[in-house]
Structure formats: structure tokens, C-alpha cells
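Structure assessment
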Amino acid sequence: MRTAPEPYTEAMANIALVVLDTVRKDTFDDVFDWLPGTHFEQAFSTSHRTVPAHASLFTGQYASEVGITAGHASLDTDSPVLAERLNDAGHRTRAFSANPYISGEFNFDRGFDEFTGSWRLQSFDSDLFDWGIFIANSAGEGPLRYFRALRECVTGDCDTVRSLKHGATLKLYDRGLGPFQMDDGARAALDYVRNTSFGADEFLFLNLMEAHAPYNPPSSYQHHSPTEFDAVRATLTDPPTVDVQELRGAYEDSVTYLAEVYADIFGELQTTFDYIITVADHGELFGEHGAWNHCYGVYPELTQVPLVIWEGRNDRSSDHTVTSLLDVYATVLDMADHDAEARGTTLLDDRNGGVYLTEYFGLTPRQRRRLGTEDVPKETIEAYNQPLAGIATPDDFYGFETQEGFTHHGTSVLSNPRAELDSRLDSLDRPDRGSDPTEVAESVLSQLEDLGYT
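In this report, the structure presented in the accompanying data block is examined. Sequence order sets the numbering: in each chain, residues are counted from 1 along the sequence as written. Restriction of local features to residues with pLDDT of at least 70 applies here, the model being predicted, together with a cutoff of 80 or more for giving and counting side-chain atom pairs; totals for whole chains, interfaces and linings are based on all residues. As a convention, hydrogens and water are excluded, and side-chain values are obtained from all of the structure's heavy atoms.

**Structural notes on the overall build of the protein**
In terms of regular secondary structure, the protein is built from 16 helices and 15 strands. In this scheme, a residue with accessible area under 20% of its type's maximum is buried, one over 50% is exposed, and one in between is partly exposed, where area comes from a 1.4 Å probe on protein chains only. Out of the 454 residues belonging to the protein, those deemed buried represent 56%. Counted over contacts in the protein with a minimum sequence separation of 6, partners at least 24 positions apart contribute 74%. Each accessible area value is a Shrake-Rupley result obtained with a 1.4 Å probe; residue values ignore everything except the protein chains displayed when judging cover. When the accessible surface of the protein is totalled, it reaches about 18900 Å², and 44% of it is carbon and sulfur. Strands here mean DSSP runs of E at least two residues long; helices mean DSSP runs of H or I at least four residues long; both are numbered from the N terminus. Note on contacts: a residue pair is in contact if any heavy atoms of the two residues lie within 4.5 Å.

**Considerations on the nonpolar core**
Here, nonpolar core refers to any group of buried Ala, Val, Leu, Ile, Met, Phe, Trp, Tyr and Cys residues whose side-chain atoms link them within 4.5 Å. Grouped together as the largest cluster of nonpolar side chains are 96 residues, with contacts concentrated most on Tyr 262 and Ile 265. If you tally residues by element for this core, the top one is helix α10 (residues 244-270), at twelve residues. Excluding its chain neighbours within four sequence positions, the residues that come into contact with Tyr 262 are Val 18, Leu 20, Phe 32, Trp 34, Leu 35, Leu 208, Ile 276 and Thr 278. Cys 295, Leu 371, Phe 400 and Leu 428 belong to the second largest nonpolar core, which has 32 residues in total.

**Digging into the packing of helix α8 (residues 186-195) against α10**
Angles run from 0 to 180 degrees between N-to-C directions of axes, and those axes are lines fitted to C-alpha atoms, restricted for helices to the stretch in contact. Contact geometry of α8 with α10 gives a least axis separation of 10 Å together with a crossing angle of 10°. Considered as vectors, α8 and α10 are oriented roughly parallel to each other. Counting all contacts with α8, which are made through Ala 186, Arg 187, Ala 189, Leu 190, Val 193 and Arg 194, the residues of α10 involved are Tyr 257, Val 261, Asp 264, Ile 265, Glu 268 and Leu 269. The nonpolar class holds Ala, Val, Leu, Ile, Met, Phe, Trp, Tyr, Cys and Pro. Asp, Glu, Lys and Arg form the charged class, and all remaining residues, Gly among them, are polar. The residue inventory of the contact of α8 with α10, partitioned by class, reads eight nonpolar, no polar and four charged. When describing relative orientation, an angle under 35 degrees is termed roughly parallel and one over 145 degrees roughly antiparallel, while 65 to 115 degrees is termed roughly perpendicular and anything else oblique.

**Here we look at the side chain of His 54**
Within the secondary structure, His 54 sits in helix α2 (residues 50-59). Non-local contacts of His 54, meaning those with residues more than four positions away in its chain, are made with Val 19, Asp 21, Ile 102, Phe 108, Phe 205, Asn 207 and Asp 281.

**Digging into helix α15 (residues 417-427)**
Think of an α-helix as turning once every 3.6 residues; residues three or four places apart then point the same way. Where α15 is concerned, the buried positions are Pro 417, Leu 421 and Leu 425. Each buried residue of α15 sits inside an arc of 80° when the element is viewed along its axis, so together they form one side. α15 presents Asp 426 and Ser 427 as exposed residues on the side facing more than 90 degrees away from its buried surface. Looking at the buried positions of α15, the neighbouring elements they touch are β12 (356-360), β13 (388-393), β14 (397-402) and β15 (405-409). Throughout, the arc means that of the directions going from the helix axis to the C-beta atoms.

And the structure:
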């Protein structure tokens, strides 16, 4: 790993915020033990899934406070978000995302001077042939449909060469084939970091998706075979007939691959950035509590996340302060010497730990509609559609709601953590933004479906 340079002398620092999407804390501890910096061992997300967790990272508030719910995924809050604040303060802001939700389609590009992404996000490019619509409209036509696609790419209003390359990329990824290493965007992120001329006063955000289902790393890393199944239906009805050990192994194969690529990314970032924050947005379930992937609940396997802050030294230390993604927002602003109100506190100063909430908002409207057509009992859908919440407090306590009631791990400094949970939930100002205002394009839905979101 490269030796870090001396810190910059300019007033502001170069800051990188890297989200390892869907990386469990226990798996991270096993595979990312090489990562230098301060490891916060009691860090919690604000939710169980990508969109609300990133909303907290970008706003310093709980997702429900900025109108993000199960039915509203757009970051359309009226308040300035992190990149906007940093941009206004003089930082150049750049982003690379491999997650279709964390994209301009859902307003997560706000405030970024430069926002790019993996092949999944390239599917949204208006200059490319819309393979999502084509595949949806030609299902059942057989192999000859690809000759029709070729004709439409050549004669249609699109960039023919780029469209054909993108279509080949999608097909190769789907089949696990190709003469090159194919992943979910990590190597493209590495290329982006290597080929970008970073200056002073930079803020870089990365979202890396290798740990997310369908757990499909390059073939040389595939020591297990994941079984595709409907995680939402499996959670609500009967468990899937899958080899859980094999499924977990496929996930760990993916995280192992991610760790190796991230070591290269991290080494590149060390040459230019003063601070590197590495964090996950949520974890993953493999049948624990009768749930799968990250579609339901605020169980600790979903809400406790890895969080590491590198400040230029290549040693490693552990900090057991209870922290939250809300603190990450406050910490980035502190690193940038920028003042803004936030629920969290900076992690650069002496830390006492706080009391933090986690939230589950229910099933998405698309999930409810689909389940309703698949003979899932209405009462089952309604039971899993009820909101749930959890509370993390100092002294390693985490209490959380389930359908059976409130349960907890550890002993809280609070005399009545359940009452405190209810009180804090009641105090939140939650705007009702309704459902997302625009229809999602077929190309976006296709990528979300491949990742198990819809």
C-alpha cells in the first residue's frame, strides 16, 4: 500500500466518502482487516436499505425527516444536501455510483460537479439504445430478436457503437462470460480514480455494489454458486429451498473480491486525499429472523455497519463509541471546516456516543402490488408493511421492534429504552411527500429488478 503524503496546507481538505453497499459488519471484519484507520465498532445505519441510508448520509437527518419512505425514493428535500453545501463552500464535488438508486434518476446527483457511474447507470443514458425496454417488449421471441435489436441500434436515434458495447456488457454479465474481468463497477471506479486529476479542495463520493445480490464476482473468485430467489416473497411466506451455506459463501466471495479491488482504490486515494471514510449503508440477512437480503426489519445484522476513518496515518485502532451515519455527515462537514446543523456530531473530536434511531418504513408500492397478484394473503402483506424502529445507545445497547414486540441486545444507560424510542419517533417532523412524482423508466426498472429491488 502506498505511503500517504503530507497533509495539504490549504484551508480545506480533500475528502473521500466510500460506501461499500450491503457489506455486513462481521464479514467486513473478516475480509477488510487490512484497512488502516479508526474502526468504529458500534456504528449504526439509520435504516435497513440503500435509499434511506444514503439520504441520512447526504442530509444529516433521518430519512423520514426529509420525506424518504417506502414509496418515495427521490432526494427532493428543500434543504441543501451534503454535496451542495461542500460545493458552495468551495470544494469540487465528484461522484461515482454503481447503484441505480443513487443516481440522477432519484436526485442523488444534487450538488455534484461531476457524477458518473458503472454500466448499470450507463443504461440510463439517453444516447444509448434502451435495452431494458427492448428486453421487456421482446420476451419470448427467441434469439432472432437480437438481430432486430442490431437493426434498431443501427437505424435508431442512438449512439450505435456504444449501444452495442453496452448491450454486450449486459449480456456477458448476465451469463458470467467474457474474455475480461466483469464486475458490478468496482474496476470502473478504480479506473475513474486513477484517471481523474484531483486537485485541492476535492470531495469524492463512491458507491461500490459488489456485495449486493446477485453475488456475481468474476469467475476466478466464484467458489460458491448463488441461487436466485425472490427474497421478499421468501421473507413473507415460505423460506426458499436454497443451500444457505452456499448462498452465504457466494456473498463472501463477492466481498472478498470487493476488498481486493478496494485495496487498490484505497491506495490511489491515499496519494491525494487527506481523509478517507469507508462505511456500509446496511447489512444483509441469510435467513436470520426468517428474513432474507435486506428487504425487511431493523435487525442488528442489517443496521450495524462497518465505519472506518483514515486521517493520513497507516496504523489501526478501534473505537467503541456508539455512532451513526448521521455522524458521518457531520464529520465530513467538520473535515471541510464547514458549519451546518445536523443531528449527528463530528467523529474527529472527543466522543461520548449518542442515542440513535433506525427505521423500517414498510414494503414499497411495487412490492405490495406484485405480492398481491401472487396469492400472498392480504393480512400477511399488511403485517410486513407495518413500520418498525430501533434504538442504539451507549454501552453497546441496541433495542428494536419486531412483529412479536420489542427486543434488545445489551444493557442500556436509559431507564426505559422502549419509551425513549417512542418519544424520539414522536418528535420527528416527517413531511408527507407522497409517492415519487415521476414514473421510473424501463431501463431503470430493469436494473432495479436485476438487483432484487422490484
